[in-house]
Amino acid sequence: MTLTPGSTTHRRTLRWQAARVLAVRDETPRARTFRLALPQPRRHLAGQHFVLRLTAPDGYTASRSYSVASAPDDSGEIELTVEKLDGGEVSEFLHEVVVPGDDLEVRGPIGGFFAWSGDTPALLVGGGSGVVPLMAMLRQARRDGHPDLVRLAVSARSPADLYYADELPGPDTSVLYTRSAPPGSRRPVGRLVVDDLVPLVRGGEDVYVCGTAGFADTATALLVEAGVPVGKIRVERFGPSG
Ligand SMILES: Cc1cc2nc3c(=O)[nH]c(=O)nc-3n(C[C@H](O)[C@H](O)[C@H](O)COP(=O)(O)OP(=O)(O)OC[C@H]3O[C@@H](n4cnc5c(N)ncnc54)[C@H](O)[C@@H]3O)c2cc1C
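J.: It is not clear to me how the sheet that holds strand E11 (residues 206-211) should be interpreted in this structure. Could you clarify?
T.: In a beta sheet, neighbouring strands pair by backbone hydrogen bonds and run either parallel or antiparallel. The strand order across the open sheet built from five strands is E10-E9-E8-E11-E12, with neighbouring strands paired in parallel fashion. Where the open sheet ends on each side, the last strands, each with one partner, are strand E10 (173-177) and strand E12 (233-237). Neighbouring strand axes in the sheet, compared pairwise and without regard to direction, differ in orientation by 15° on average. Note that E11 and E12 share five bridges and pair parallel. Across the sheet, Gly211 pairs through a bridge with Arg237, a residue of E12. Of the strands in this sheet, strand E8 (122-127), strand E9 (150-156), E11 and E12 touch helix H4 (residues 213-225), which is tilted by about 150° from E11.

Spelled out as C-alpha cells, the structure:
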C-alpha cells in the first residue's frame, strides 16, 4: 500500500487540517521530531495529542495518535516526536517519506485526562517514546520559570536511545538506563525499581505515567508501592490506536 502525506481536503466538521511540515530532526536513530505549522492553531495543553491521518491514492486512510512534544504557546506550531516501529504503517512512512514542505492531516489537540495545567506539582514517569508528552510538561515548567513544579524520571535503553538528550538532563530529571549507561553512572543498569521512584515522590503531586502498556503497568505498581495514592496517577498507554 502506498500512502501519501495529507489529503488536501479539509473536513471542517471533523476539524482535520493540513499542517505544513516545517522541519524534521532526529532525536535518536529511531525517533524523529516533526515541526508542524497549523493553519488553524488551537493552543494545546501539555500532555495532549493530535491524531494524524495518512490517505492513500485509493482513499484508504490510516490514523494514529501522536503527543505534542513542544510546550503550549501561541506560535501556531507544534512538534510531534515519532518512534519508528519496524513494519509500522504510519511511523515508517513518517520516517522514510515525509520531508519539510509536505502537508500532514492532523486533528487536535485531544485529551483532557492526561493534560497538565502547568501550575501544580507533578511527577512524570516515562519509558521510551512515552517521554514525549512529559517533555511538553517539562518544557513548559522550565520556560515558565517553575522547574521546581515537575520531576521527570525517564527510562531509556542506552544513552543513544535517550530522546531530547541535549535538553532533557537537569536537576529536575532522572534518566534510568536499562541496558547500558554512560561511564561513571552511579545507578546500575536495569529496569525501573521502586527505589528509583521513592526519592522523587514529595506527596500530594499528580503523577503522569506514559509508555507501553507493560511499562505503564509496572510503573504504576511501583508508584503505589512508593506511597502514591492510586487516584493521583494518570496513565497514557502508547500502543496500537485507530
Ligand atoms: C494517546 C496516544 C499518544 C501517542 N503518542 C505517541 C508519540 O508521541 N510518539 C510515538 O512514537 N507514538 C505515540 N503513540 C503511538 C502511535 O499512535 C502509534 O501506535 C505508533 O506510532 C505505531 O503506529 P504504526 O502505524 O507505525 O504501527 P502499526 O502499523 O499500528 O503497528 C505495527 C506493529 O507495532 C505494534 N505497535 C503499535 N504501536 C506500538 C507502540 N507504541 N509500541 C510498540 N509496538 C506498537 C503493533 O501491535 C504492530 O505489531 C501514541 C498513542 C496514543 C494512543
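J.: Help me understand the domain arrangement of the protein, please; the structure alone is not making it clear to me.
T.: Interfaces are frequently sized by the accessible area removed from exposure as the parts join. Split by domain assignment, the protein resolves into domain 1 (4-110) and domain 2 (122-237). Summarising the inter-unit geometry, the C-alpha centres of domain 1 and domain 2 are found 25 Å apart. Residue assignment for the side of domain 1 that touches domain 2 shows that the elements contributing at least two residues are strand E2 (17-28) and strand E6 (77-83). Of the residues in the side of domain 1 that touches domain 2, the class split is seven nonpolar, six polar and two charged.

J.: Explain the pairing of E8 to me, please; I cannot follow it from the model alone.
T.: Within a regular strand, side chains alternate between the sheet's two faces. Across the six residues of E8, six count as buried, placing the element largely inside the fold. Of the two faces of E8, both are covered, the one formed by Ala122, Leu124 and Gly126 as well as the one formed by Leu123, Val125 and Gly127. Pairing geometry for E8 and E9, over six bridges, is parallel. Looking at E9, one finds that Leu123 is bridged to Arg151.

J.: What should I look at first to understand helix H2 (residues 131-143) in this one?
T.: Three or four residues apart is the spacing at which side chains of an α-helix point the same way, because the helix has 3.6 residues per turn. Look at H2: 18 Å from first C-alpha to last across 13 residues, which is about the 18 Å you get at 1.5 Å a residue. Extensive coverage of H2 is indicated by the burial of 11 of its 13 residues. Every buried residue of H2 is listed here: Val131, Val132, Pro133, Leu134, Met135, Ala136, Met137, Leu138, Arg139, Gln140 and Ala141. One or two residues past the end of H2 sits Gly145, with phi positive at roughly 80°.

J.: I'm lost on the site of the ligand in this one. Help?
T.: The environment of the ligand is formed by 23 residues, the closest being Gly88, Glu89, Val90, Ser91 and Val132. When contributions to the shell around the ligand are tallied by element, the ones reaching two or more residues are strand E5 (61-67), E6 and helix H1 (89-96). In terms of residue class, the shell around the ligand is made up of seven nonpolar, 11 polar and five charged. Counting only domains with at least three residues in the shell around the ligand, you end up with domain 1 (4-110) and domain 2 (122-237).

J.: When you look at H4 in this model, what are you seeing that I'm missing?
T.: For H4, spanning 13 residues, the distance from its first C-alpha to its last is 18 Å, which sits close to the expected 18 Å at 1.5 Å a residue. Residues of H4 that are buried include every one of Phe215, Ala216, Ala219, Leu222 and Leu223, and no others. Mapping the buried residues of H4 onto a view down its axis gives an arc of 135°, with all of them on the same face. For H4, exposure combined with an orientation more than 90 degrees from the buried face picks out Ala213, Gly214, Ala221 and Glu225. Buried residues belonging to H4 abut E8, E9, helix H3 (194-197), E11 and E12. Of the residues trailing H4, Gly227 is marked for its positive phi of about 105°.

J.: Would you explain the environment of Arg53 in this entry?
T.: By the secondary structure assignment, Arg53 is in strand E4 (residues 49-55). On the basis of neighbour count, Arg53 is assigned to the buried category, with 21 C-beta atoms found within 10 Å. With residues near it in sequence (within four places) discarded, Arg53 still touches Trp16, Thr61, Ser63 and Glu105.

Procedures and definitions
- Here the residue index of a chain counts from 1 through its sequence in written order.
- Under the rules for a predicted model, residues below a pLDDT of 70 receive no local features and side-chain atom pairs below 80 are neither given nor counted, while totals for whole chains, interfaces and linings still include all residues.
- We treat two strands as partners when DSSP finds at least two bridges between them.
- Secondary structure elements follow DSSP: runs of H or I no shorter than four residues count as helices, runs of E no shorter than two count as strands, and numbering proceeds from the N terminus.
- Comment: axis = line fitted to C-alpha atoms, over the contacting stretch for helices; angle = value between 0 and 180 degrees taken between N-to-C directions.
- Contacts are defined on C-beta atoms placed from the backbone: any two residues whose C-beta positions lie within 7 Å are in contact.
- A domain assignment, automatic or from a database, supplies the domain bounds used here.
- Ten residue types, Ala, Val, Leu, Ile, Met, Phe, Trp, Tyr, Cys and Pro, are classed as nonpolar, four, Asp, Glu, Lys and Arg, as charged, and the remainder, Gly among them, as polar.
- Working definition of burial: number of other C-beta atoms within 10 Å of the residue's own, with buried at 20 or more, exposed at 12 or fewer, and partly exposed in between, all C-beta atoms being placed from the backbone.
- For a helix, the expected span equals 1.5 Å multiplied by the residue count minus one.
- Only the C-beta atom, placed from the backbone, is used; a residue is near a molecule or strand if that atom lies within 6 Å of it.
- In this context, the arc is that of the directions from the helix axis out to the C-beta atoms.

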